[in-house]
Amino acid sequence: MIKTILNWFKKQPEMLPLQEGGLRTERDYQLHCNQILQGKVEYRLPDATRVDILTDTLAIEVDFAKKWYEAVGQSCHYARCTDRAPAILLIVTDKFQEKYIKAAKEATKNTQVKVGDNYYPITMLVYRDY
């Protein structure tokens, strides 16, 4: 199975308003991306953890690119708890952060997560906002 890297459209739908200080939060990106993905946001699991976005096929952890390693672990946990394939959606806010995308791709390229009787690669989604 081949992993997917999704780069959102160059002309993106209108972003949510900026937070005080001009910074967007992870939650802003989560809500915005879910407008496209059409999943359940902050889906609560029995162990009290929450999947950022849960679609019919993916358990997605949304995080800023520099925290890619945390996103990988969380998505694997969510996948096992929901019987869905693991996915990470990494937010890149400037060109300098592309190194984190490269690191995440390298670390996950041969990773398979067992969910039930199946093995799934970690799907990697990238939202570039620069």
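Above this text sits the structure in question.
Residues numbered from 1 in each chain as written. Predicted model: local features only at pLDDT ≥ 70, side-chain atom pairs only at ≥ 80, totals over all residues. Heavy atoms only, no water.

Turning our eyes to something else, we now look at the packing of aromatic side chains. One pass over the structure, following the stated rule, counts three aromatic pairs. Considering the side-chain rings of Y29 and F64, the 5.9 Å spacing of their centres and the 85° angle between planes classify their relative orientation as edge-to-face. Here the residue Y29 occupies a position in helix α1 (residues 26-37), and F64 occupies one in strand β4 (residues 58-64), the gap between them amounting to 35 residues. Between Y29 and Y127 the ring centres are 5.7 Å apart and the planes differ by 65°, which places this aromatic pair in the edge-to-face class. Of the two residues, Y29 is situated in helix α1 and Y127 in strand β8 (residues 123-128); the sequence distance between them amounts to 98 residues. (Phe/Tyr/Trp six-rings, centres within 6.5 Å; stacked < 30°, edge-to-face > 60°. Helix = DSSP H or I, 4+ residues; strand = E, 2+ residues; numbered from the N terminus.)

What follows deals with the pairing of β4. Counting buried positions along β4 yields six of seven residues, so the element is predominantly enclosed. Where strand β3 (residues 50-54) lies against β4, two bridges are found, and the strand directions are antiparallel. Following the sheet pairing, L54 is matched in β4 by A59. With antiparallel pairing between neighbouring strands as the criterion, β3 and β4 make up a hairpin whose turn holds three residues. (Buried < 20%, exposed > 50% of the residue type's maximum accessible area, 1.4 Å probe, protein only. Pairing = 2+ DSSP bridges.)

This part takes up the nonpolar core. In this structure, I60, I88, L89, L90, I101 and M124 are the most contacted members of the largest nonpolar core, which totals 29 residues. Of the residues forming this core, the biggest block, seven residues, is contributed by strand β5 (residues 85-92). The residues contacting I101, other than those within four sequence positions of it, are A65, L90, V92, M124, V126 and R128. Residues L45, V51, A59 and Y78 belong to the second largest nonpolar core, which totals five residues. (Core = buried A, V, L, I, M, F, W, Y, C linked by side-chain atoms within 4.5 Å. Contact = heavy atoms within 4.5 Å.)

Glancing now at helix α2 (residues 68-82). Along its 15 residues, α2 runs 21 Å from first to last C-alpha, staying within 8% of the 21 Å computed at 1.5 Å per residue. By the burial criterion, the buried members of α2 are W68, A71, V72, S75, C76, Y78, A79 and T82. The positive-phi residue at the C-terminal boundary of α2 is D83, with phi of around 60°. (Expected span 1.5 Å × (residues − 1).)

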